[in-house]
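Residues per chain are reported as follows:
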Amino acid sequence: MFRRKKDANEKIGDEFADDMVVVVDRSINPYLVLFHESAGFRAEQVRGLRNRLVAMNPDGEPKTLVVTSAVRGEGKTVSALNLAMAFAELERQSVVLVDADLRSPSCERYLNLNSETGLTDVLLGRTPVDKVLRMAGYRNLKLLGAGSRVDNPAEVLGSSRLDQLLHRLKENFQYVIIDSPPVLPSTDAGVLSAAADGTLMVVRLEHSLKKQSRDALRTLSDMGGNVLGSFVTEVRGQDPDSDSRLSYDSLAGDEDK
Ligand SMILES: Nc1ncnc2c1ncn2[C@@H]1O[C@H](COP(=O)(O)OP(=O)(O)OP(=O)(O)O)[C@@H](O)[C@H]1O
Ligand SMILES: [Mg+2]
């Protein structure tokens, strides 16, 4: 599962129209609504997305999911953390969050943890993954931090060890949520997306440019990524149903914003 029908006539922006999920998480900083407002409406929206993803995987196979966006600062890490926490709430679902933004890692910072050895050290063959998995501080959620800084993130992520690692993580976890760098500035997110079972695009209302989001979708698709849907974050309207910007084709419009 996590399969989408491919239609040769599909236009950019139509790609995830069927599967698109809107998450409204206008919230107080730091926006970790699963943690700070667990009973609130916004946390429920994230749980709704989680439930959609679970429903797309009826066989319950372990899955890897990349969370990305076109450019920096659109809410990828916060969305990945919220989603990972929502999965961790499910009984008998083991979940790991992987910080694969080797250029600007931030999962540890958001979780109030120190930077330690992690993903790069595993990909460089310096340590086995079991040694660097840590508790994330929420239920049973585990974290694989970004690890030691490297000068050549694209090469490190491009190594054949990435596939081996994801395979290994799927032996131990039901859901592997991967926080990634943005799509447009480097090939990292495309490489991660191609290696994963599914990809979610974060689109930030009022900030994200449609053209950039569309270009990012095209890049992911060209590189072999399987885009399942998108997070739309930072909604200003009171009632999301009354906000015309929250339509399923919000990425399919004009070239302008
Ligand atoms: N829903 C939201 N509404 C408003 N601000 C948000 C929202 N989610 C996150 N933010 C804020 O936006 C900033 C960027 O968030 P985040 O780190 O998740 O983005 P990112 O896409 O991972 O950035 P980067 O590309 O630099 O890794 C943070 O200051 C965060 O607190
Ligand atoms: Mg980030």
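Located above this text is the structure these notes cover.
Conventions and cut-offs
Residue numbers run consecutively from 1 along every chain, following the written order of its sequence. As a convention, the first chain written is A and the first ligand written is 1, with the rest following in written order. Whole-chain, interface and lining totals are the exception, using all residues; otherwise, since this is a predicted model, local features are given only for residues with pLDDT of at least 70 and side-chain atom pairs are given and counted only at 80 or more. In computing side-chain properties, one takes all heavy atoms of the structure into account and sets aside hydrogens as well as water. By definition, any uninterrupted DSSP run of H or I lasting at least four residues is a helix, any uninterrupted run of E lasting at least two residues is a strand, and each is numbered from the N terminus. Burial classification: accessible surface area is computed with a 1.4 Å probe over protein chains only, and a residue below 20% of its type maximum counts as buried, one above 50% as exposed, and the rest as partly exposed. Residue contacts follow a heavy-atom distance rule, with two residues in contact if any of their heavy atoms lie within 4.5 Å. Strands were regarded as paired on the criterion that DSSP finds at least two bridges between them. By salt bridge we mean one thing: a side-chain nitrogen of Lys or Arg within 4 Å of a carboxyl oxygen of Asp or Glu. In this scheme Phe, Tyr and Trp rings, the latter by its six-membered ring, pair at centre separations within 6.5 Å, and the angle between planes marks the pair as stacked below 30 degrees, edge-to-face above 60, and tilted otherwise. By this rule, a helix spans an expected 1.5 Å times one less than how many residues it contains. Comment: arc refers to directions from the helix axis out to C-beta atoms. The angle between two axes is taken between their N-to-C directions and runs from 0 to 180 degrees, where each axis is a line fitted to C-alpha atoms and a helix contributes only its stretch in contact. Each nonpolar core is a collection of buried residues, namely Ala, Val, Leu, Ile, Met, Phe, Trp, Tyr and Cys, held together in the definition by side-chain atoms within 4.5 Å.

J.: So what exactly am I meant to see when it comes to the overall build of the chain here?
T.: Scanning the chain from terminus to terminus reveals 10 helices and 7 strands. Going through the 257 residues of the chain one by one, you find that 53% of them count as buried. Long-range contacts, defined here as pairs at least 24 residues apart, represent 79% of the contacts in the chain between residues at least 6 apart.

J.: Got a minute to help me understand the pairing of strand S5 (residues 175–179) in this structure?
T.: Along a regular strand, successive side chains alternate from one face of the sheet to the other. With respect to burial, S5 is a largely interior element, 5 of its 5 residues being buried. Strand direction decides the pairing type here: strand S1 (residues 63–68) and S5, joined by 5 bridges, are parallel. Looking at S5, one finds that Lys 63 is bridged to Tyr 175. Pairing analysis gives 5 bridges linking strand S2 (residues 95–99) to S5, with the strands arranged parallel. Counted as the bridge partner of Val 95 is Tyr 175 from S5.

J.: Sorry if this is basic, but what is going on with the pattern of salt bridges here?
T.: Note that side chains of opposite charge can pair when their charged atoms are close. Here the structure, examined in full by the defined rule, presents 15 salt bridges. A salt bridge links Glu 44 to Arg 47; its shortest N-O distance comes to 2.6 Å. One end of the pair, Glu 44, and the other, Arg 47, are both in helix H2 (residues 41–55), 3 residues apart, so they sit about a helical turn from each other. Residues Glu 61 and Lys 63 are paired through a salt bridge, measuring 3.2 Å at the closest nitrogen-oxygen approach. By relative accessible area, Glu 61 is classed as partly exposed at 34%. On the basis of relative accessible area, Lys 63 is assigned to the buried category, the value being 5%. Connected through salt bridges with shared partners, the residues Glu 44, Arg 47, Arg 50 and Glu 89 form a single ionic network.

J.: Before we go on, may I ask you to explain the packing of aromatic side chains in this structure?
T.: Where two aromatic rings form a pair, the distance of their centres and the angle of their planes describe that pair. Applying the stated rule across the entire model yields 1 aromatic pair. Ring centres of Phe 87 and Tyr 175 lie 4.1 Å apart, and the angle between their planes is 20 degrees; on these two criteria the pair is classed as stacked. Taken together, the residues Phe 87 in helix H3 (residues 76–88) and Tyr 175 in strand S5 connect sequence positions 88 residues apart. This pair shows no difference in class: Phe 87 is buried, exactly as Tyr 175 is.

J.: Explain helix H10 (residues 210–222) here, please?
T.: In an α-helix, one full turn covers 3.6 residues, which means residues spaced three or four apart are oriented alike. Relative to the 18 Å expected for 13 residues at 1.5 Å per residue, H10 spans 18 Å between its end C-alpha atoms, a close match to the ideal helical length. Those residues of H10 not exposed but buried are Lys 210, Ser 213, Arg 214, Ala 216, Leu 217 and Leu 220. Here the buried residues of H10 occupy an arc of 160 degrees about the axis, which is enough to place them on one side. In this fold, the buried residues of H10 make contact with S1, helix H9 (188–195), strand S6 (198–204) and strand S7 (227–233).

J.: Is there a simple way to think about unusual backbone geometry in this case?
T.: Unlike most non-glycine residues, Arg 92 shows phi in positive territory, near 60 degrees. Of note, Asn 112 is a non-glycine position whose phi angle comes to about 65 degrees, a positive value. Turning to its location among the elements, Asn 112 is positioned in the loop between helix H4 (107–110) and helix H5 (119–123). Judged by its relative accessible area of 73%, Asn 112 is exposed.

J.: Just to check I follow, could you spell out the sheet that holds S1 for this structure?
T.: Read from one edge of the open sheet, 7 strands run S3-S4-S2-S5-S1-S6-S7, paired in mixed fashion. This sheet does not close on itself; its edge strands, each paired only once, are strand S3 (134–135) and S7. Of the strands in this sheet, S1, S2, S5, S6 and S7 touch H3, which is tilted by about 170 degrees from S5. Along the sheet face, H9 touches S1, S5 and S6 and points at about 155 degrees away from the line of S1.

J.: Honestly, the nonpolar core in this entry has me stumped. Any pointers?
T.: Soluble globular proteins: nonpolar side chains tend toward being buried together. Ranked by size, the top nonpolar core spans 33 residues in total, and within it Leu 53, Leu 83, Leu 97 and Ile 177 carry the most contacts. At the level of secondary structure, the elements contributing two or more residues to this core comprise helix H1 (33–36), H2, S1, H3, S2, S5, S6 and S7. Here the element with the most residues in this core is H3; it accounts for 9 residues. Look past the residues within four positions of Leu 83 in its chain and what remains in contact with it is Val 46, Leu 49, Arg 50, Leu 53, Leu 65, Ile 177, Leu 200 and Phe 231. Membership of the second largest hydrophobic core comes to 24 residues, among which are Leu 162, Leu 169, Leu 192 and Ala 196.

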